[in-house]
Every structure is written in C-alpha cells, then in structure tokens.
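# Observations on the three-dimensional arrangement
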Amino acid sequence: MTTSWYKRTQKGISTPTEEKREVPDGLWYQCPECKKVIQTSVHMENAYVCPECNYHARVGSKEYFSLLFDENTFEELDANLTSGDPLEFNDSVPYPNRVKASQAKTGLKDAVRSAAGKMNNVDVVIACMDFTFIGGSMGSVVGEKIARAIDAARARKVPFIMISKSGGARMMEAGYSLMQMAKTSAKLALLDKEGLPYISLMTDPTTGGVTASYAMLGDFNIAEPGALIGFAGPRVVKETIGKDLPPGFQSAEFLLEHGFLDFIVDRREMKDQLSSLLELLK
Amino acid sequence: MYLDFEKPIQDLEGKLAEMKQIADDSDVDVSQEVKSLEEKIKTLKKDIYSNLTRWQKVQLSRHPDRPYTLDYIENICDQFIELHGDRVVKDDKAIVGGFAEIDGNSFMIIGHQKGKNTKMRQVRNFGMANPDGYRKALRLMRVAEKFNKPIITFIDTPGAYCGLEAEERGQGEAIARNIKEMFMLKVPVICIIIGEGASGGALGIAIGDKVLMLENTWYSVISPESCSSILWRTWEHKERAAEALKLTAEDMLKFKLIDGIVKEPLGGAHADRESMYKKLKKVILDTTAALQKVDPEQRISDRIDKFSAMGVVEDLAPAAEITE
Ligand SMILES: [Zn+2]
C-alpha cells in the first residue's frame, strides 16, 4: 500500500550510533514472514523492517523512542509507576507475582512508557505500549501513565503521539481496567478543547479496550502496514459468526479501506512523516 | 422460573400451593399451617437473598423475568416517543432511545434492550449492540443536549457484538467516540446498570455524572464465563471467576468505580416490579434535580475528575529521570 505522501527534501532515517554499537556482529535475524535471514544489525538499521518483504517486526517502546526522538534523547515521564493489586486477584499465580515476573523478564515497569522530547525538532510527548509486558494489557498503570502523558502534552502545549500495541484489558484489574478507557478518553477530550494535535499510531496488534478508547480517537488515526487492529480479536469474531474470516480481515489495509485510518505509514518513514504532518498544523 | 439456588424456596412454595389446594378441595382447616409455612418462606428468602454469592447475583442480573429498558420506560414514564436510527447505516434494535416524560419533566432515555422471547431475542441481538447502536445513542444524546434535556441511560448488555460487520463498521471507534463525547455533554447524564454491564459494550453508554447499579447486577471488563475460559480454558469455573473479578454493585461502589446502589426488592427486581419501578423513578427524579443545581461547566469538570481518579497505582520514586 503506497501512501500519497511526499516531501521534496527527505531526511534519512536516523538510527542513533549508540544503538548501533550495542549489537555485536554475527547475530542473525530470520523474517517470520518471508524466512529471509539477515544480519541483526542490518535489520535494526532498517527500523526492524524486513528489507525483502517489508514485514514490520514487533518492537517496543525502546525501539520506537530511538526511532522517533532526535538523538534518542528524551525525558521519561512517570517512569516508576507500578501496579497495585486492589482486587487481590489470584488465579494460579497472585497478580503481584505476575507483575514482578514480567518486570524481571522485560526490564519494564508496566505495558506503557511515556516521554517528552523532540522529533525532527518538533516538541512532542509520546506514549508507547510494550506488548511484551503481559500482552500490552491495559490496567491502572497504563491508563494513568497515558492520562498523565496527555496532561504533560497539555501543560507543555505540544502534540501527543500514542503508539498502541495491546491485547486489550488487564483482566486482573477487572473494573479498574475498564475505567482506564474512560479516563484516557476524558483526557483526550481535554486535549481537543485546547486545540492540541493527537496522533494515534496503531501497531501490531491493537485490539480490545485500547481500540475502543484512545487508539481510535486520534485527530489522525494511522497504522503500520499489516498491523492487526480490531475491537474483538479474530478468534472471537470467528467463533461468533461460525465462519472463516476473509483474508486480510482486521489488517491495517482493511481498516484503511473501511475508513477508519487516515493512512498507513512505513516505519522507516514514520518520523519524517509524523513531524511533517505536525509542521503543517502549526 | 427458579434459579438453582432458589430450589429450597421453590420446594416450600410448592408445598404451600399444595396445602392451599387441599384446603380448597376439603373442609380441613389448614390456615395455621399455611401461615407458618408462609413465615418459613419469608425467613428462608431473607436468608438466601441477603447472602448471595457474586455468581448468584450474576444469575439474578440475567433472570429472564427481570425488567428490561423498555419495561422501565413504560412503567416509569408518562409518555415515550421512540427515535430510531443512526442516520448512517441502520436502526440497531439492541439499543433503544427516545424522549420521555416523567412527572412533567422531559428526558432523553437510551438503553440496551434484550428480547423477551426467542424471536425478540434475535431481533434485539441479545442486547449486543453493533456500532450503529452506539452511533444512534450518540446522535440522540446530541439531540438531548440541543434541547437541554437530561439524559438517562440504562445499561444491560452481555457485551458489544463481535460480528464481522461490527468490525467492518468500526465497533472500537464507535464505542471510543461515545465515551469521549459523553464527557463533554452539557446536560446531566445519569447511567444505571439494570442488568449486565459487560465491558466496552456497557461503557459506551455509561459515562455519567452519576453511575448507579441496581443491587443485583454486575459491571466489569469481562463476563465470568469468558474470564474462566481465559484463565482455566473452560467456562466451568464461572463462580470462581465472578469472585475474582469482584464485579457486583457492592464491589464497584467500594472501589469508587460507581456512585451508588439502588436496592432491589427481596428476590430481585422482577420479584416486585411495581416497587422497583417506583423506586427507580424516584431515584431518577431526585438525582436529576440535584445535578441540575450544578453549573454545566462544573458538571463536566466533575465528571472528568471523577473518572480520572479511577485506578490504583504505586509510584516507587516520583522524580522523573533523564534517559539517554
Ligand atoms: Zn521478510
């Protein structure tokens, strides 16, 4: 899918040199889509996109921040918010243990990180979800950090960019999880009132409560190629209708065709395209 | 219809009916026995209904005899003019809405609607709305705002519909938009969970100045059955899931995720419909009157503040860090 976007002076994709050095030579990446094997460093320099088939690998906040913030420099917001356990939820594992295990595994505090910084010299606040943390599920921490990130954008009078990647609600926070949809949407209503831009970027996958709240509320709803985006997951839809789903159902391309996205953006052009869009609004 | 935990009541009520039959058919005076049995039933009911488990409350919330949105409308309002359609695709029959009159006051009333028999359950899609239903609801809220009429919503849904067309027409977008727009409505908004409040499908019409739950209802991010199937790969552990989710009116009020509970008659809303209607009518009128005393801008900012405060987080070290 080509997007009708061009700019006469295109800047290259800036991959910070520090990031480059982190990856030792001799590591290999196999594209899950076309099975092509390339060097990890090549894959990384290509914004984690397969040079062969364009498959956009799932990456997290660390990668998006380094792709979008100038010189990978940003001020992280509310970095130390972690989850409570108001319901004392216990299935096989008590919820706090589940959270701690995920924190240990991922090095993250929860499923979203937020930061303020410059993107091609445009001041922005970006919040980005991490799917590796309990499936990018939305509990109180996710809702609160996004709410505070929107508040930060309002206080700084800068645009807000939300990068969604989520399996949906954090079941272990039940009612609290549900109300995060309300909280984040309320803050976006305030952002509207102040005339500040909101770009919602949906990445693979964006489903459930996230789709039914902030992900679909952008002034600009955009997505990466091939991203799965839906309210109900494909398995649930299939069970509901008792039929196989048409090919490409709930893909970014499908949503674009049905009028729910403004455009699809190649990750390698994302930074320039987003900053150009924001420049046009100034 | 009796639920499984109502079996002891059913047995005694069966016995009572039998006894009365015998009295009718013969000259034996059983009035003493009848009286004592009636007392026994009363005590038993009190005992059962004041010690309901969370799952039993879920069962009551789904009781087929329970009043639905249109029952409340018909029995509370002096007049109701239903308004149809989202002006884009169709008229979704899982959500109804229209202007109503209660004691000389006009309201916009919107609610999920379940069907009462097999045919109507299909027509109403079991109270599971498509995007068209949420868009109709928002359209009607806008009309209410234009004419400065308070909005009452009745929530009673097992969830937003998960069909193919729902996805094609943007179920997520429709719910998201409603949630955001409802925050900015200049008129009072009162939301009442009258049965099931399942997830985004409920929340899509449940952003209000006052969110109330009837005593025997549930409101959560997922149904106990779905929760059970995710956690234990089977629907069988729904009781345990209901306990874990803490989804009752009492739980939700304790968590400050709702504003109040409306008591139901002993045995549930269907056990004494008239008193339920009377009580809810009074709640609606009193709550609206109180909200109308507040300035619209203040109401909006209170509404936003209330939902913004929902959540439990711990801040390990409040200072922000500079990361490179
Ligand atoms: Zn490939």
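Definitions and cut-offs
Residues numbered from 1 in each chain as written. Chains lettered and ligands numbered in written order. Predicted model: local features only at pLDDT ≥ 70, side-chain atom pairs only at ≥ 80, totals over all residues. Helix = DSSP H or I, 4+ residues; strand = E, 2+ residues; numbered from the N terminus. Buried ≥ 20, exposed ≤ 12 C-beta atoms within 10 Å, placed from the backbone. Contact = placed C-beta atoms within 7 Å. Rg over C-alpha atoms; globule rule 2.2 N^0.38 Å. Core = buried A, V, L, I, M, F, W, Y, C linked by C-beta atoms within 7 Å. Nonpolar A, V, L, I, M, F, W, Y, C, P; charged D, E, K, R; others polar. Pairing = 2+ DSSP bridges. Axes fitted to C-alpha atoms, helices over the stretch in contact; angles between N-to-C directions. Parallel < 35°, antiparallel > 145°, perpendicular 65-115°, else oblique. Arc of directions from axis to C-beta. pLDDT = per-residue confidence, 0-100.

### Thoughts on the overall build of chain B
Within chain B, the secondary structure is distributed over 14 helices and 10 strands. When the 324 residues of chain B are sorted by exposure, 46% land in the buried category. Put simply, of all contacts in chain B between residues at least 6 apart along the chain, 71% involve residues at least 24 apart.

### Some thoughts on the overall build of chain A
Broken down by element type, chain A carries 9 helices and 11 strands. Rg of the C-alpha trace for chain A: 19 Å, near the compact-globule value of 19 Å for 282 residues, within the 12% margin. Across its three principal directions, the C-alpha atoms of chain A cover 55 × 45 × 40 Å. Every one of the 282 residues in chain A was classed for burial, and the buried ones make up 51%.

### With respect to the nonpolar core
Residue and element names in this part refer to chain A. In terms of nonpolar packing, the biggest core is built from 161 residues, with Ile-126 and Ala-223 touching the most fellow members. Looking at which element gives the most residues to this core, the answer is helix H6 (residues 174-193), with 9 residues. For Ile-126, the contacting residues outside a window of four places in its chain are Phe-65, Leu-68, Ser-114, Ala-115, Ile-161 and Ile-163.

### Details of the interface of chain B and chain A
With 50 residues of chain B in contact, the opposing surface of chain A contributes 55 residues. Among the elements that make up the side of chain B that touches chain A, the one with the highest residue count is helix H8 (residues 171-183) of chain B (8 residues). Looking at the side of chain B that touches chain A residue by residue, the classes come out as 31 nonpolar, 10 polar and 9 charged. Pairing between strand E4 (residues 81-83) of chain A and strand E9 (residues 313-315) of chain B: 3 bridges, direction antiparallel. Bridge assignment links A:Ser83 to a residue of E9(B), and that residue is B:Val313.

### Focus: the packing of helix H3 (residues 54-61) of chain B against helix H11 (residues 238-245) of chain B
All names here are of chain B. At a closest axis distance of 8 Å, the pairing of H3 and H11 adopts a crossing angle of 100°. As the angle between them shows, H3 and H11 are arranged roughly perpendicular. Residue-level inspection shows Arg-54, Trp-55 and Val-58 of H3 in contact with H11, the latter providing Lys-238, Glu-239, Ala-242 and Glu-243. Residues belonging to the contact of H3 with H11 are distributed by class as follows: 3 nonpolar, no polar and 4 charged.

### A closer look at helix H4 (residues 69-76) of chain B
Residues and elements named next belong to chain B. The set of residues buried in H4 consists of Thr-69, Tyr-72, Ile-73 and Ile-76. Taken end-on, H4 shows its buried residues confined to a sector of 100°, consistent with a single buried face. If you follow the buried residues of H4, they end up packed against strand E1 (79-82), strand E2 (95-102), strand E3 (105-112), strand E4 (151-157), strand E5 (189-198) and helix H13 (273-292).

### What to know about unusual backbone geometry
The residue after A:Asp204, namely A:Pro205, is reached through a cis peptide bond having omega -10°. Summarising the element assignment, A:Pro205 is placed in strand E8 (residues 198-207). If you check the backbone angles, A:Gln250 has positive phi at about 70° while not being a glycine. As for its placement among the helices and strands, A:Gln250 is situated in the loop between helix H7 (234-241) and helix H8 (252-257). Judged by C-beta crowding, with 26 C-beta atoms within 10 Å, A:Gln250 ranks as buried. Positive phi is not limited to glycine here, since B:Asn125 has a value of about 55°. Along the chain, B:Asn125 falls in the loop between helix H5 (118-123) and helix H6 (131-146). A count of 21 C-beta atoms within 10 Å places B:Asn125 in the buried class.

### Section: the packing of helix H10 (residues 224-232) of chain B against H11(B)
All names here are of chain B. Running from amino to carboxyl end, H10 crosses H11 at an angle of 100°, the nearest separation of the two axes being 8 Å. Relative to H11, the element H10 is oriented roughly perpendicular. Residues Pro-224, Glu-225, Cys-227, Ser-228 and Leu-231 of H10 form the contact with H11, whose participating residues are Lys-238, Arg-240, Ala-241, Ala-242 and Leu-245.

### Some thoughts on the confidence of the model for chain A
Detailed reading of the predicted coordinates is not advisable wherever pLDDT falls low. Summary statistics for chain A give a mean pLDDT of 93 and a share of 91% for residues scoring 70 or more. Contacts of residues 10-21 of chain A to residues separated by more than four positions or lying in other chains number 13 contacts, the stretch itself having pLDDT below 50.

### What about the confidence of the model for chain B?
Mean pLDDT for chain B: 95, with 98% of residues reaching 70 or above. Predicted complex metrics record ipTM = 0.95 and pTM = 0.94.

### Focus on the pairing of E2(B)
Residue and element names in this part refer to chain B. Inspection of the sheet shows E1 paired to E2 by 4 bridges, in the antiparallel sense. Bridged to Gln-79 within E2 is Glu-101. Of the pairings in the sheet, the one linking E2 to E3 comprises 8 bridges and is antiparallel in character. Looking across to E3, one finds that Phe-99 is bridged to Met-108.

### Comments concerning the environment of B:His237
With respect to the helices and strands, the residue B:His237 is situated in the loop between H10 and H11. Along the backbone, B:His237 and B:Ser226 are 11 residues apart, and their C-alpha atoms lie at a distance of 9.8 Å.

### Quick notes on the environment of B:Thr217
All names here are of chain B. Residue position: Thr-217 is located in the loop between strand E6 (210-214) and strand E7 (218-220). Counting along the chain gives 156 residues from Thr-217 to Ser-61, while the straight-line C-alpha distance between them is 4.7 Å. If we ignore the near neighbours within four places in the chain, the residues touching Thr-217 are Ser-61, Ile-193, Ile-194, Gly-195, Glu-196, Gly-197 and Ala-249.

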